[in-house]
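Each chain, letter by letter, is given below.
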Amino acid sequence: MSTKKRILFIAQEMSPYLELSEYAAMVNKMAIKSNEAGLEVRVIMPRFGIINERRHRLHEVVRLSGINIVIDGDDYPLIIKVASLPNARLQVYFLDNEDYFKRKTVFADENDEFFDDNAARAVFFCKGALETVKKFGWPPDIIHCSGWMTSLIPMYLKTAYKKEPVFANSKIIYSMTPNTFTEKLGATFIKKATISNQIKEKDLELFKEGTNTALNRGAAKYADAVVLAGDKLEKKVVDEVKAEKGKIILPFKKDNEDLSDYLQLYQQLLGNK
């Protein structure tokens, strides 16, 4: 049985599959560096319709597919696909669903109108990612989330999934990236995000505005460590995070080619200081 420590990256984007911002390349580098450093690595991301399945050699993992994700009383089938990251021996898992991810644009339509169902898509992805890990039976020591679409995961792990054995020893990192949307996730966001009766109204308090800022604020509160992943983050939110006692913070560094700071953070969370 492997004694390697396990790190799971949950990201809304990653090179070479989807590049919405500079952070896509960072996720790729972090996964490869962690793998080279002797950690057992897996990645989960959405299978947006613009990701070319043939070019990237995605194929369905039949033994994992077949989970239904319930959002606000409605069932949505979760299809799980996998690819091997080029030049690295690690697996990237893509979460797919006909209703949410087949469209050929990511978060807005051809007229740049923010999709009405982005709230439900985010909830589906966050819940789907955690259900996928349960199905793996692969307990991660570290879960590193990046992108607003992953922002509910730290809260879910501390509430709805708190008693799940697979997450019993997981430390959570959230990479806070600069805001990428100015819209709100809509009036039904909090209702949809309440995926369990273990989640109370106060647990979602910071998220309730449904803005990019609110999502960052909520994710940072529930994460064990926060990476400040950009030099254009909102000062007010950053100051709030820094004021929180016991929160591990990785400051932004423009030149961090070797990613040594990230690896040190992982070792610190693993107890190998």
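The coordinates are above.
Here is what the cut-offs are and how they apply
Residues numbered from 1 in each chain as written. Predicted model: local features only at pLDDT ≥ 70, side-chain atom pairs only at ≥ 80, totals over all residues. Heavy atoms only, no water. Helix = DSSP H or I, 4+ residues; strand = E, 2+ residues; numbered from the N terminus. Rg over C-alpha atoms; globule rule 2.2 N^0.38 Å. Buried < 20%, exposed > 50% of the residue type's maximum accessible area, 1.4 Å probe, protein only. Contact = heavy atoms within 4.5 Å. Areas by Shrake-Rupley, 256 points an atom, 1.4 Å probe, with all protein chains shown as cover. Lys, Arg positive; Asp, Glu negative; His and termini not counted. Charge placed at Lys NZ, Arg CZ, Asp CG, Glu CD. Pairing = 2+ DSSP bridges. Right-handed = clockwise from strand over helix to strand, strands pointing away. Axes fitted to C-alpha atoms, helices over the stretch in contact; angles between N-to-C directions. Parallel < 35°, antiparallel > 145°, perpendicular 65-115°, else oblique. Left-handed = near helix turned anticlockwise from the far one by under 90°.

### Topic: the overall build of the protein
Here's step 1: Helices and strands together make up the secondary structure of the protein, namely nine helices and ten strands.
Here's step 2: Rg of the C-alpha trace for the protein: 17 Å, near the compact-globule value of 19 Å for 273 residues, within the 12% margin.
Here's step 3: Projected onto its principal axes, the C-alpha coordinates of the protein cover approximately 45 × 40 × 40 Å.
Here's step 4: With 273 residues in all, the protein has 57% of them scored as buried.
Here's step 5: Within the protein, counting contacts between residues at least 6 apart in sequence, those at least 24 apart form 70% of the total.
Here's step 6: Here the protein displays about 13,100 Å² of accessible surface, and carbon together with sulfur accounts for 47% of that area.
Here's step 7: Positive and negative side-chain charges of the protein, numbering 41 and 37 respectively, have mean locations separated by a distance of 6 Å.

### Focus: the pairing of strand S8 (residues 171-176)
Here's step 1: Among the six residues that make up S8, five are buried, leaving the element largely enclosed by the rest of the structure.
Here's step 2: Bridging between strand S7 (residues 142-146) and S8 involves five bridges; their strand directions are parallel. Along S8, the bridge assignment pairs Cys145 with Tyr174.
Here's step 3: As a crossover connection, the stretch from S7 through helix H5 (residues 153-158) into S8 is right-handed.
Here's step 4: Pairing of S8 with strand S9 (residues 225-228), which is carried by four bridges, proceeds in the parallel orientation. From the neighbouring strand, Ser175 faces S9, where its bridge partner is Val227.

### Here's the deal with unusual backbone geometry
Here's step 1: The amide bond that connects Ser15 to the next residue, Pro16, takes the cis arrangement and shows omega of 0°.
Here's step 2: Turning to its location among the elements, Pro16 is positioned in the loop between strand S1 (6-11) and helix H1 (23-36).
Here's step 3: At Asp72, a position not held by glycine, the phi torsion is positive, near 50°.
Here's step 4: Looking at the element boundaries, Asp72 is found in the loop between strand S4 (67-71) and strand S5 (74-84).

### Regarding the packing of H1 against helix H9 (residues 260-270)
Here's step 1: For the pair H1 and H9, interaxial distance at closest approach is 10 Å and the crossing angle is 55°. Of the possible angle classes, the one that applies to H1 and H9 is oblique. For the crossing formed where H1 meets H9, the hand is right-handed. Across from Tyr23, Met26, Met30, Lys33 and Ser34 in H1, the residues of H9 making contact are Tyr262, Leu263 and Tyr266.

### Concerning helix H7 (residues 212-222)
Here's step 1: Burial within H7 is extensive, with ten of its eleven residues counted as buried.
Here's step 2: Three or more residues of H7 are buried, namely Asn212, Thr213, Ala214, Leu215, Asn216, Arg217, Gly218, Ala219, Ala220 and Tyr222.
Here's step 3: In this structure, the buried side of H7 is in contact with H5, S8, helix H6 (189-193), S9 and helix H8 (235-243).

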